[in-house]
Amino acid sequence: LPDDGGQIAMPAKELVEPVIQKDINYIVERDLTRRLGLIDDILKTNGGDLFLLNQKAVLCAKFQKYSEAEHIFQAILKINPDHLSSIVNLGNLAFLETQYEKSLSYFELALSKRPNSPGVLLNMVLVYKQLGKTEEMKARFLALTRIDPQLAERNKRVLAIEASAD
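In short, a report on the structure. This structure is a prediction, so every number in the text was calculated from the model and none was measured. (Residues numbered from 1 in each chain as written. Predicted model: local features only at pLDDT ≥ 70, side-chain atom pairs only at ≥ 80, totals over all residues. Heavy atoms only, no water.)

Looking only at helices and strands, the protein chain features 8 helices and 0 strands. Counted from the first residue to the last, the protein chain has its helices and strands arranged as α-α-α-α-α-α-α-α. For the protein chain, whose C-alpha radius of gyration is 22 Å, the value lies well above the compact-globule estimate of 15 Å for 166 residues. Its C-alpha atoms put the protein chain at 75 × 50 × 25 Å along the principal axes. In the protein chain, which comprises 166 residues, the proportion classed as buried is 33%. Put simply, of all contacts in the protein chain between residues at least 6 apart along the chain, 43% involve residues at least 24 apart. Working note: accessible area of the protein chain is about 10,900 Å², and carbon and sulfur atoms make up 55% of it. Across the protein chain, 21 positive and 22 negative side-chain charges occur, with their mean positions spaced 6 Å apart. (Helix = DSSP H or I, 4+ residues; strand = E, 2+ residues; numbered from the N terminus. Rg over C-alpha atoms; globule rule 2.2 N^0.38 Å. Buried < 20%, exposed > 50% of the residue type's maximum accessible area, 1.4 Å probe, protein only. Contact = heavy atoms within 4.5 Å. Areas by Shrake-Rupley, 256 points an atom, 1.4 Å probe, with all protein chains shown as cover. Lys, Arg positive; Asp, Glu negative; His and termini not counted. Charge placed at Lys NZ, Arg CZ, Asp CG, Glu CD.)

Below, the structure is given as structure tokens:
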């Protein structure tokens, strides 16, 4: 082709980003809607399946639909107040929303129901770290070390806990 003297230039970032983000949001919403629809279809025949309800809430949380996820977890707890997974997941949601005290209260409730749960203890360590409560963090980490030494060892560097906590 003959040179017409025109220049090729990339469009401005602020013009492109919104269009791309809109497309991404559309794809995410479409995928989420499809997945939730599959779960809802199963729930129509087995509405009291707490495992499926929990999976639906987890799926909402993965797609950052935190209020929907929280609503479902709370509904599960109305059916079964001892549903440990929902309690822990509510703590996880609160943590993701930087509501650390609220998160901690859910993890404390979970720990009261399952005192030797390594996952709950690890979550508490993470919350105490965010709150800057070093002594509480070390105490929970020590409890975790006693219950599940391998899990504690795998997370020691991530948590930046000194070997003296052992």
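This is not the end of the story, as more comes after the structure.
Inspection of the secondary structure assignment puts Lys56 in helix H2 (residues 50–62). Aside from chain neighbours lying at most four places away, what touches Lys56 is Leu36, Ile39, Asp40, Leu43 and Ile72.

Across the interface, helix H4 (residues 84–96) lies against helix H6 (residues 118–131) with an axial gap of 11 Å and an inter-helix angle of 20°. Classed by the angle they form, the pair H4 and H6 counts as roughly parallel. In this structure, H4 meets H6 at a crossing whose hand is left-handed. Two secondary-structure elements touch here, H4 through Val88, Asn92 and Phe95 and H6 through Val120, Asn123, Leu126, Val127 and Gln130. The class makeup of the residues in the contact of H4 with H6 is 5 nonpolar, 3 polar and no charged. (Axes fitted to C-alpha atoms, helices over the stretch in contact; angles between N-to-C directions. Parallel < 35°, antiparallel > 145°, perpendicular 65-115°, else oblique. Left-handed = near helix turned anticlockwise from the far one by under 90°. Nonpolar A, V, L, I, M, F, W, Y, C, P; charged D, E, K, R; others polar.)

Looking now at the packing of H2 against H4. Put simply, H2 and H4 touch, their axes get as near as 11 Å, and they point 10° apart. Classified by the angle their axes make, H2 and H4 are roughly parallel. Between H2 and H4, the residues in contact are Asn54, Val58 and Ala61 and Ser85, Ser86, Asn89 and Leu93, respectively. In the contact of H2 with H4, the residues fall into 3 nonpolar, 4 polar and no charged.

Let us look at the side chain of Asn155. Assignment of secondary structure puts Asn155 in helix H8 (residues 149–159). Given a relative accessible area of 17%, Asn155 falls into the buried group.

Right, let's talk about the nonpolar core for a bit. The nonpolar side chains of a soluble globular protein tend to be buried, and buried together. Counting 41 residues, the largest nonpolar core has Ala69, Phe73, Leu93, Val120, Met124 and Leu144 as its most contacted members. Secondary-structure elements contributing two or more residues to this core are helix H1 (13–45), H2, helix H3 (66–79), H4, helix H5 (100–113), H6, helix H7 (134–147) and H8. (Core = buried A, V, L, I, M, F, W, Y, C linked by side-chain atoms within 4.5 Å.)

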